[in-house]
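Examination of the molecular architecture
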There are 2 protein chains.
Amino acid sequence: MQSIIETFRQIGELSKKNEEALLRAIKRREYPPRTILQKQDKISDKIYFVEKGSARTYYYKEGKDITYWIALENDFVGSMSSFFMREPSNKIVETIESCILWDFEYEKLEALFSSNREMEKTGRLYANYAISLLEKRFDHLHFNSAKDRYEILINRQPEIIQRVPLGMIASYLGITQETLSRIRTQV
Amino acid sequence: MQSIIETFRQIGELSKKNEEALLRAIKRREYPPRTILQKQDKISDKIYFVEKGSARTYYYKEGKDITYWIALENDFVGSMSSFFMREPSNKIVETIESCILWDFEYEKLEALFSSNREMEKTGRLYANYAISLLEKRFDHLHFNSAKDRYEILINRQPEIIQRVPLGMIASYLGITQETLSRIRTQV
DNA sequence: TCTAGTTTTTGACATATATCAAAGGAAGTT
DNA sequence: AACTTCCTTTGATATATGTCAAAAACTAGA
């Protein structure tokens, strides 16, 4: 079974027929590490589901590279605001490790949603689920210390430390690399 | 024209018939200031659209009142994670000023989405829009100074300062009331 | 195995923001 | 007008985290 289908099954129900239509609409591809998937200031035409590997979205603020999102297996990555709102992306998307990704093209995805009531509903439910994830992430950042945020992260995704450079994790958590390094040794 | 219909029109298109069905599904009610709309640890059965007044969601962390969301006119407020994911709410919802709100009940809203393809789509588009708002809010908190966050806020919603107590605004911005007070005098 | 490049750690110091405590101001009620 | 209560400001000090610079530890090619 494709892991992407498993993931969708957890959110909404799809008939066999719709699962097949979904798989026909998306493409499974391999990407080397550090491949740019989305440039800044362009409207995003694709979002990606990570089957294997890791990827991130990031931007530059005062010359510094700030990671907004890190996706490991079975998570989506992409410039979501740009993709859904059809506005230029303020973020860059790139692979971190070597990846197997499922590419979702905007036009194909919208066509799929439009073709079919059940797909449309799954899309809505998935968006609601994403809202709840973002709300939780915001809560973590909102009034927790750097150390607490780090501990929340390693409890959920302990392997992230081995797989993703420290600087990316630090800015993802909203702190500098030096601070994260210090926190890490004292834990 | 109802402001709520105007707002929906900006996101998705609704037929006259669907606009009427929507208005039949929701209730317009007045609430006094500081009315609790949602208790903590209960699954949320309603979200609210603010026609007039202001409302917020908040929670307690180490005894301190932390505001997560502040809604003025033409915005939604509610415990969204709880409402959509059907899990106990970690937040409390209350009016700040005296309000006119449109109540959206979970069962009625789902029934409306299910009854009708166009409504379902509007629901999906609205959720996508909410994702993009949350992403922007996260970006503001992520690597901006307290002062920058304050300035971003007053540029967008200058009237919030007159209408909402400083302590609520401070925790909404992720800072203490004392710090916000100092920032405010030096601007 | 050596070298060059990248990533992580460490050190000294600077700064933003928090904390605790108290004083001032508003606003509403009797 | 005086009294409460709530909200905001101010002051003194503490603390977490950032900044800049350099050293150390990895990594991967040649």
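Our structure is the block above this text.
Owing to the predicted nature of the structure, the values given are computational and were not obtained by experimental measurement.

Reading the values: the criteria
Residues numbered from 1 in each chain as written. Chains lettered and ligands numbered in written order. Predicted model: local features only at pLDDT ≥ 70, side-chain atom pairs only at ≥ 80, totals over all residues. Heavy atoms only, no water. Helix = DSSP H or I, 4+ residues; strand = E, 2+ residues; numbered from the N terminus. Rg over C-alpha atoms; globule rule 2.2 N^0.38 Å. Buried < 20%, exposed > 50% of the residue type's maximum accessible area, 1.4 Å probe, protein only. Areas by Shrake-Rupley, 256 points an atom, 1.4 Å probe, with all protein chains shown as cover. Lys, Arg positive; Asp, Glu negative; His and termini not counted. Charge placed at Lys NZ, Arg CZ, Asp CG, Glu CD. Pairing = 2+ DSSP bridges. Near = heavy atom within 4 Å. Polar contact = N/O pair within 3.5 Å; in protein donor to acceptor, adjacent residues only side chain to side chain. Contact = heavy atoms within 4.5 Å. Buried area = accessible area lost by both parts, 1.4 Å probe. Nonpolar A, V, L, I, M, F, W, Y, C, P; charged D, E, K, R; others polar. Axes fitted to C-alpha atoms, helices over the stretch in contact; angles between N-to-C directions. Phe/Tyr/Trp six-rings, centres within 6.5 Å; stacked < 30°, edge-to-face > 60°. Lys NZ or Arg CZ within 6 Å of the ring centre and 35° of its normal. Core = buried A, V, L, I, M, F, W, Y, C linked by side-chain atoms within 4.5 Å. Least-squares fit on C-alpha atoms with pLDDT ≥ 70 in both.

Right, let's talk about the overall build of chain A for a bit. Check the secondary structure of chain A and you find nine helices and eight strands. Taking 2.2 N^0.38 as the reference for a compact globule, 187 residues should give roughly 16 Å; the C-alpha atoms of chain A span a radius of gyration of 17 Å, in line with that estimate. Projected onto its principal axes, the C-alpha positions of chain A cover 55 × 30 × 30 Å. Per-residue burial over chain A gives 53% buried out of 187 residues. In the structure as shown, chain A presents an accessible area of about 8800 Å², 49% of it carried by carbon and sulfur atoms. Across chain A, 29 positive and 27 negative side-chain charges occur, with their mean positions spaced 1 Å apart.

A few words on the pairing of strand 4 (residues 55–61) of chain B. Residue and element names in this part refer to chain B. For strand 4, the tally of buried residues reaches five of seven residues, placing the bulk of the element in the interior. The pairing of strand 4 with strand 5 (residues 64–71) spans seven bridges and is antiparallel. Bridge pairing in strand 5 links R56 to I70. The turn joining strand 4 and strand 5, which pair antiparallel and follow one another in sequence, is formed by two residues; a positive phi near 50° is taken by E62. The sheet contact formed by strand 4 and strand 7 (residues 92–95) spans four bridges and is antiparallel. Following the sheet pairing, A55 is matched in strand 7 by T95.

What follows concerns the protein's contact with DNA strand C. In the vicinity of DNA strand C lie 18 residues, with L166, S181 and R184 of chain A together with A146 and T179 of chain B positioned nearest. Of what DNA strand C places within 4 Å of the protein, 57% of the atoms are sugar or phosphate. S181 of chain A places a polar side-chain atom, nitrogen or oxygen, 2.8 Å from a phosphate oxygen of DNA strand C. Within the contact set of DNA strand C, a base nitrogen lies 3.2 Å away from a side-chain nitrogen or oxygen of E178 of chain B. Residue assignment for the surface near DNA strand C shows that the elements contributing at least two residues are helix 8 (166–173) and helix 9 (177–186) of chain A together with helix 9 (177–186) of chain B. It is helix 9 of chain A that contributes the most residues to the surface near DNA strand C, six residues altogether.

Every contact between the two is made by 42 residues of chain A and, on the other side, 42 residues of chain B. Taking both sides of the interface into account, the surface hidden between chain A and chain B amounts to around 4100 Å²; carbon and sulfur atoms contribute 58%. In this assembly, chain A and chain B are joined by 22 residue pairs in polar contact (both at pLDDT 80 or more). Contributing elements (two or more residues each) for the side of chain A that touches chain B: strand 4 (55–61), strand 5 (64–71), helix 3 (80–85), helix 4 (106–114), helix 5 (117–143) and helix 8 of chain A. A total of 20 residues in the side of chain A that touches chain B trace back to one element, the largest contributor, which is helix 5 of chain A. Partitioning the side of chain A that touches chain B into residue classes produces 17 nonpolar, 13 polar and twelve charged.

Residues and elements named next belong to chain A. In space, the four strands of this open sheet follow the order 2-7-4-5, with antiparallel pairing throughout. Single-partner strands in this sheet number two, and they are strand 2 (36–38) and strand 5. The mean angle between the axes of side-by-side strands here comes to 35°, regardless of whether they run parallel or antiparallel. Relative to strand 5, helix 8 is tilted by about 85°, and along the sheet it contacts strand 4, strand 5 and strand 7 (92–95).

Take the packing of aromatic side chains next. Overall, the coordinates contain 27 aromatic pairs over all chains when judged by the stated rule. Judged by centre distance (6.4 Å) and plane angle (70°), the ring pair of F138 of chain A and F138 of chain B falls under edge-to-face. Here F138 of chain A is found in helix 5, whereas its partner F138 of chain B is found in helix 5 (residues 117–143) on a different chain. Seen in terms of ring centroids, F49 of chain B and F76 of chain B are 5.2 Å apart; in terms of plane orientation they differ by 70°. Their pairing is edge-to-face. Of the two residues, F49 of chain B sits in strand 3 (residues 46–52) while F76 of chain B sits in strand 6 (residues 76–77), which places them 27 residues apart along the sequence. The ring of Y68 of chain A has K91 of chain A sitting right over it, with the charged end atom 4.2 Å from the ring centre. Looking at R137 of chain B, its charged tip hangs above the ring of Y68 of chain B, at a distance of 5.6 Å from the centre.

F104 of chain A together with F104 of chain B are the most contacted members of the largest nonpolar core, which totals 83 residues. Sorting elements by how many residues they give to this core places helix 5 of chain B first, with eight residues. Those residues in contact with F104 of chain A, other than ones at most four positions away along the chain, are I4, F8, L22, I26, D45, K46, I47, F49, F76, F83 and L109 of chain A.

Here we take up the relation of the copies chain A and chain B. Each of the two chain copies can be brought onto the other by rotation about an axis and movement along it. Between the two copies, chain A and chain B, the superposition gives an RMSD of 0.0 Å; the rotation angle is 180° and the shift along the axis is 0.0 Å. The operation mapping one copy onto its partner corresponds to a two-fold rotation axis. Across chain A, the rotation axis passes nearest the C-alpha of R124 of chain A, at a separation of 2.1 Å. Most of the interface of chain A is mirrored in chain B, where 100% of its interface residues are also at the interface.

So, about the protein's contact with DNA strand D. Neighbouring DNA strand D are 19 residues, the closest being A146 and T179 of chain A together with L166, Q177 and R184 of chain B. In DNA strand D, atoms within 4 Å of the protein come from the sugar-phosphate backbone in 58% of cases. Take R182 of chain B: an N or O atom from its side chain is 2.9 Å from a base nitrogen of DNA strand D. In this structure, a phosphate oxygen belonging to DNA strand D sits 2.8 Å away from a side-chain N or O atom of R184 of chain B.

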